[in-house]
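Residues per chain are reported as follows:
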Amino acid sequence: MVHLSHKFSTIPINFIPKQFSKHLPQQIPSQITPPFIPFSQRQNQRSLLESQLISALNCCTSLTQIQQIHARILRKGFEQCCYVLTKLIRILTKMEIPMDSYAKLVFNQVENPNPFLCTALIRGYCLQGHVKESVFVYSEMRKKNVLPISFTFSALFKACGVVNDVDLGRQIHGQTILIGGFGFDLFVKNSLIEMYVKLGFLGCGRKVFDELPGRDLISWTELIVGYVKAGDMESAGELFSELPKKDMVAWTAMVTGYAQNAKPREALEFFERMLNEGVETDEVTLVGVISACAQLGAAKYANWIRDTVENLGFSPTRCVVVGSALIHMYSKCGSVEDAYKAFKVMEEKNVFSYSSMIAGFAMHGYAYAALELFHEMVKIGIKPNKVTFIGVLTACSHSRMVEQGRQIFESMEEKFGISPGVDHYSCMVDLLGRAGCLEEALNLAETMPLEPNGGVWGALLGACRTYSNPDIAQIAANHLFELEPNAIGNYILLSNIYASAGQWNDVLMVRKMMRERGLRKNPGCSWLESKKGVIQEFFSGDMSHPRYGEMKQVLEDLLNRLKAIGYQPNMNSIAYDVSDEEKRRILITHSEKLALAFGLLDINADFPIRIMKNIRMCEDCHSFLCAVSQITRRVIIVRDNLRFHHFHDGKCSCGNFW
């Protein structure tokens, strides 16, 4: 018989080879007997260790740290613990580590993954854009009879929204019904509404919403935002009015929605109601209402929102987001000086504030100021972004600075590592077209590495109007009719080009196309702020204004005075084959002329007349306002849909180049 020597008495029993175990004495020496630990205490120790591992994973900031904690997980025997491994996979996802290279390998080692672990892997694949893989994991968990949880479906619905796959979304929607138990799950239903709304299936989202037995703020807000994005502010407003309890998010959705859908007055009304209700506001709300003020272009509202912003504690000197929005607002309201003051007092300036100010200088024709600011931001180490370059190239375009524009365009990728986007090519086509380089502009549009959009061809078509080139205009228009079949402005512009060239048969052809497609021209509209702060609107040819008789007399007097200094109406501004007398009648009732007449009657001579217009100003109105500024000694500022024109002493800030 082989006896154990004394030196083996301290070796743990599970380390003794099996062939010797039969020789062990019946009575194990007390010094090698494992201490007895109650089950509850062992459970507490395991729970404590789980918590320590979870905390350690939360603190990881690198892949190396994650691997170290993973090694500890294995050493401590937690390689099958779904709770800890779920956290591991979520941390790997957060660190953007490819799922197949690590997380999937960890998952595959688990014999019985629970729903949370499966969902962590599904969510990781979804966030990394691998929707097929996430669906495969879902299918495998169903084969193993692992029931999904709310987070499983919410992750899959979000993935369908990212890849724009409504058919897959509907199949997963069907799964929630087949499996059952999710009909009353608000979290799943809200994710489903969000998916349908994002994919543009508002009707499906509304049906899910209407069938909900209970709703929360998220349910209401998701659908309201959906209607806002679709431009259906009427439906959004109806839902908002039915919302039992309205929070800041819902109010902000309505304010920004009206602003984004070109309803600035309604946006301001909602914001005032929001303030009266005592609802808290944040930067998003304020940016939305500031945008509404910018659209109106009225000094009254601009000054009011500036004071409101200060009172709410969002001073532009300290809040860079609000400060940048105010710069844009003042620029759009015709006061680039106030915009620059807001810019100068900002304690912190970033790429957005610089870009806003550069765009402000550009739209007012101050190209050299825009370029100077651009070089300043580069010098102090603020890297320009894509929006910055759009502002700088626009400044060059509006001032015929062709060589400077070419150099800046080339520097985007060479110096700053920014690949030009389609909007930058649009700026270059506009720059070349405005300078009369139509063939070069056409060649750039046809050879650019990206697919040209409506902005590119629209810039070329506009240049053809300036330089009366119907041949290139037809090429640009054909592309526009395919890209934007319902954009009536393109048809009108082509018609005007044909009319200027005397090609009346082609004019009739374009108008026939418009009729066949059911397109109607939006009437020219101009508005300005009266001295009492009331916004006055004027439509071309509209004689219904209460003071029209006085305005007509003012215009007739101006015409008589202008004829004395050589002014003659530009008949080419009317694209109709009618008599010269009829053309004169149409021209004198253009909306900006009506607004000017009211401004001369209502606004004191010490203040500029600021006119906003919804479409581009015609050549005749431009020359008319230039001459009026000379004979009246008034400063006239007009914002059309392209830029600002500052008329003073018979000259315009655009240098007759717009």
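Quantities reported herein were computed from a predicted structural model and do not represent experimental measurements. (Residues numbered from 1 in each chain as written. Predicted model: local features only at pLDDT ≥ 70, side-chain atom pairs only at ≥ 80, totals over all residues. Heavy atoms only, no water.)

### What to know about the sheet that holds strand E6 (residues 651-652)
Strand order in the open sheet made by the six strands is E2-E1-E3-E4-E5-E6, with mixed pairing throughout. For this open sheet the edge positions go to strand E2 (535-539) and E6, each flanked by a neighbour on one side alone. Relative to strand E5 (residues 644-648), strand E4 (residues 636-639) runs antiparallel, the two sharing four bridges. Looking at E5, one finds that Val638 is bridged to His645. Sheet strands in contact with helix H33 (residues 619-632) are E4, E5 and E6, and its direction is about 35 degrees off that of E5. (Pairing = 2+ DSSP bridges. Helix = DSSP H or I, 4+ residues; strand = E, 2+ residues; numbered from the N terminus. Contact = heavy atoms within 4.5 Å. Axes fitted to C-alpha atoms, helices over the stretch in contact; angles between N-to-C directions.)

### Points about the confidence of the model for the chain
On average, residues of the chain score 87 in pLDDT, and 93% of them are at 70 or above. Low pLDDT (under 50) marks residues 1-31, which in the prediction has twelve contacts with non-local residues, meaning those over four places away or in another chain. (pLDDT = per-residue confidence, 0-100.)

### A look at the nonpolar core
Judged by nonpolar contacts, the single largest core of 168 residues is most densely connected at Ile290, Ile305 and Met329. Of all hydrophobic cores here, the second largest spans 32 residues; its members include Leu558, Tyr567, Ile603 and Ile636. (Core = buried A, V, L, I, M, F, W, Y, C linked by side-chain atoms within 4.5 Å. Buried < 20%, exposed > 50% of the residue type's maximum accessible area, 1.4 Å probe, protein only.)

### Here's the deal with a nonpolar patch on the surface
A cluster of nonpolar side chains, Phe116, Phe151 and Phe187, forms an exposed patch at the surface whose accessible area comes to about 330 Å². The class of Phe116 is partly exposed, set by a relative accessible area of 47%. (Patch = residues over 30% accessible without salt bridge, like charges linked within 9 Å, V, L, I, M, F, W, Y side chains within 5 Å. Areas by Shrake-Rupley, 256 points an atom, 1.4 Å probe, with all protein chains shown as cover. Salt bridge = Lys/Arg side-chain N within 4 Å of Asp/Glu carboxyl O.)

### Some thoughts on unusual backbone geometry
Even without glycine at this site, Ser468 takes up a positive phi of about 50 degrees. With respect to the secondary-structure elements, Ser468 resides in the loop between helix H26 (454-466) and helix H27 (470-483). Take Ser468: its relative accessible area is 47%, and that puts it in the partly exposed class. Phi at Arg633 takes a positive value of approximately 60 degrees, unusual for a residue other than glycine. Looking at the secondary structure, you find Arg633 in the loop between H33 and E4. Overall, Arg633 belongs to the exposed group, its relative accessible area being 60%.

### Structural notes on the environment of Val162
Here Val162 shows up in helix H8 (residues 150-162). Val162 gets classed as exposed once you look at its relative accessible area, which sits at 52%. On a C-alpha basis, the gap between Val162 and Leu199 in space is 8.9 Å, while along the polypeptide they are 37 residues apart.

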